[in-house]
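# Topology and contacts: notes
The primary structure of each chain is shown beneath.
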There are 2 protein chains.
Amino acid sequence: MSKPALQFWFEFASTYSYLSAMRIGDVVAKAGVAVEWKPFLLGPIFGAQGWETSPFNIYPDKGRNMWRDMERRARALDLAFVRPDPFPQNSLLAARLTVAGLEEGWGEAFARGVYEVEFAHGLSIAEERVLEGILIKAGADPDSAFEAARSPMIKDRLKAQTQEAISRHIFGAPTFMVGDELFWGDDRLEQAIDWALEKHPAQVGA
Amino acid sequence: MSKPALQFWFEFASTYSYLSAMRIGDVVAKAGVAVEWKPFLLGPIFGAQGWETSPFNIYPDKGRNMWRDMERRARALDLAFVRPDPFPQNSLLAARLTVAGLEEGWGEAFARGVYEVEFAHGLSIAEERVLEGILIKAGADPDSAFEAARSPMIKDRLKAQTQEAISRHIFGAPTFMVGDELFWGDDRLEQAIDWALEKHPAQVGA
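Residues numbered from 1 in each chain as written. Chains lettered and ligands numbered in written order. Predicted model: local features only at pLDDT ≥ 70, side-chain atom pairs only at ≥ 80, totals over all residues. Heavy atoms only, no water.

### Remarks on the relation of the copies chain A and chain B
Put simply, the test is: When the copies are superposed, the least-squares fit takes in the C-alpha atoms of residues with a pLDDT of at least 70 in both.
Superposing chain A onto chain B takes a rotation of 180° combined with a translation of 0.0 Å along the rotation axis, leaving an RMSD of 0.0 Å. Here the symmetry operator amounts to a two-fold rotation axis. Rotation axis and chain A: the residue whose C-alpha lies nearest the axis is A:Asp187, separated from it by 4.0 Å.

Rendered as structure tokens:
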């Protein structure tokens, strides 16, 4: 029997993905569930809905609530939280680096580092010198990492992953997939884990 | 010292408000928190954002997830759940009746009855004969209830309540208010209760 598993689909510009990225390792380990990290881009998904920026910028009261909710939730999780400026951040290069890193073994540590620098320290994750420091801390060689991130293969892989997200009806981040079962939002992580463990009412969807 | 309290802002067309309406009574009683029921209309709030229907209809993948999430969540709460047709339902008359009923003591029972008929049985809450049965079960006199609901005083009161929601940055339902602290979504009810009980980190927002 294979180990129960879920996929963690995340976007670096996403505030709630930060919460999940920082806690998912401990939570799944405790539950005995395997996790696969899946970076993707929300830009094309939002763009297809006619949004040129985050819905939290387009709808002010929704944004106001998100910042306050994040502040409360980060505090409850003992996580530092600052509002990045600008928001949302350009996450393209960080996502490409993560795709490269996940193949080389430093992807998860790098992804956590990106989230920490962005949301705990408020630095710009679009800047190479910021990403370079994160790469070094994650145990990567910056030169070869940037080279890989600029290669057509890695660029195409991130595009394909974003296309996969769209085809699987992913519309926001974080999203947890257990097979074809979709759970949206950091506050659904525990439900996704229960689903992976088959601790759910058999009747649903039967 | 007054009893800790929160306000429950709800809209009859809202799926997640159904979950809260059916469980809030038990949950706040157990916690020792008072609850004030506040019906309002999302139509004017959505309309101001350019939405002519529910965002769950406008954004198909968001809607797809909501229906599935509701199905899972209702099952976990042992609540029946069917998809009303049409969705969203016209909730105007039910909301006006609730405003009248909250003054006369049968408002909460009536509101729960409306949600049950709509989301457990799939009936149309825009129809007077459906509402009449709910009124009788809630202990109201249907004739005088409908007369009150059609009075300028009750109509104005619902309008004023919706205006209050807008001015307090409410943008969706259910919303729980503890003073000026806003909690959006059924999945934030427990956090709102903790806030009312002052079981929250003092540093947040300090």
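### Thoughts on helix α5 (residues 92–104) of chain A
Residue and element names in this part refer to chain A. What counts, and what does not: What counts as a helix is a DSSP run of H or I of at least four residues, what counts as a strand is a run of E of at least two, and both are numbered from the N terminus. Here a helix's expected span is defined as the number of its residues, less one, multiplied by 1.5 Å. Each residue is placed in one exposure class: buried if its accessible area under a 1.4 Å probe, protein chains only, is under 20% of its type's maximum, exposed if it is over 50%, and partly exposed if it falls in between.
With 13 residues, α5 should reach 18 Å at 1.5 Å per residue; the first-to-last C-alpha distance of 19 Å fits that figure. Buried residues of α5: Leu93, Ala94, Ala95, Arg96, Leu97, Thr98, Val99, Ala100 and Gly101, and no others. Downstream of α5 by one or two residues, Gly105 has phi in the positive range, about 100°.

### Section: the interface of chain A and chain B
Note the following rule: Any two residues having at least one pair of non-hydrogen atoms within 4.5 Å are treated as being in contact. Defined in terms of a 1.4 Å probe, buried area is the accessible area two parts forfeit on being brought together, summed over both. When a carboxyl oxygen of Asp or Glu is within 4 Å of a side-chain nitrogen of Lys or Arg, the pair counts as a salt bridge. Between N or O atoms, a polar contact is any pair within 3.5 Å; within protein, one atom must be a potential hydrogen donor and the other a potential acceptor, and residues adjacent in sequence are included only when both atoms are from side chains. Charged means Asp, Glu, Lys or Arg here, nonpolar means Ala, Val, Leu, Ile, Met, Phe, Trp, Tyr, Cys or Pro, and polar covers whatever is left, Gly included.
Counting residues at the interface gives 29 residues for chain A and 28 residues for chain B. In this assembly, chain A packs against chain B so that about 2,900 Å² is buried in total across both faces, 48% of it on carbon and sulfur atoms. Counting the contacts that link chain A with chain B gives eight salt bridges. Between B:Glu181 and A:Arg68 there is a salt bridge, with the nearest N and O atoms lying 2.7 Å from each other. In this assembly, chain A and chain B are joined by 16 residue pairs in polar contact (both at pLDDT 80 or more). Only α4 (60–76), β4 (181–184) and α10 (189–196) of chain A provide two or more residues apiece to the side of chain A that touches chain B. A total of ten residues in the side of chain A that touches chain B trace back to one element, the largest contributor, which is α4(A). Per-class residue counts for the side of chain A that touches chain B are eleven nonpolar, six polar and twelve charged.

### Details of the sheet that holds strand β1 (residues 5–10) of chain A
Residues and elements named next belong to chain A. For the record, the criterion: Strands qualify as paired when DSSP identifies two bridges or more between them. All axes here are fitted lines through C-alpha atoms, helices being fitted over the stretch that makes contact, and every angle between N-to-C directions spans 0 to 180 degrees.
One open sheet accounts for four strands, arranged β2-β1-β3-β4; its pairing is mixed. At either margin of the open sheet sits one strand with a lone partner, and together these are β2 (34–39) and β4. The average angle at which neighbouring strand axes cross in this sheet is 25°, direction not considered. Bridging between β1 and strand β3 (residues 175–178) involves three bridges; their strand directions are antiparallel. By the bridge assignment for β3, Trp9 is matched with Thr175. Contacts between helix α9 (residues 152–167) and the sheet are confined to β1 and β2, with β2 contributing the most and set at about 110° to the helix.

### Topic: the packing of aromatic side chains
The condition is simple: In this scheme Phe, Tyr and Trp rings, the latter by its six-membered ring, pair at centre separations within 6.5 Å, and the angle between planes marks the pair as stacked below 30 degrees, edge-to-face above 60, and tilted otherwise.
Under the counting rule described, the total for this entry stands at 38 aromatic pairs over all chains. Plain terms: the ring middles of B:Trp106 and B:Phe110 are 5.7 Å apart, the flat faces sit at 90° to each other, and that makes the pair edge-to-face. A relative accessible area of 0% places B:Phe110 in the buried class. Connected via pairs of aromatic rings, a cluster forms that spans A:Phe8, A:Phe10, A:Phe12, A:Tyr18, A:Trp37, A:Trp67, A:Phe81, A:Phe87, A:Tyr115, A:Phe119 and A:Phe176.

Without other data, these values stay purely geometric and don't point to any function.
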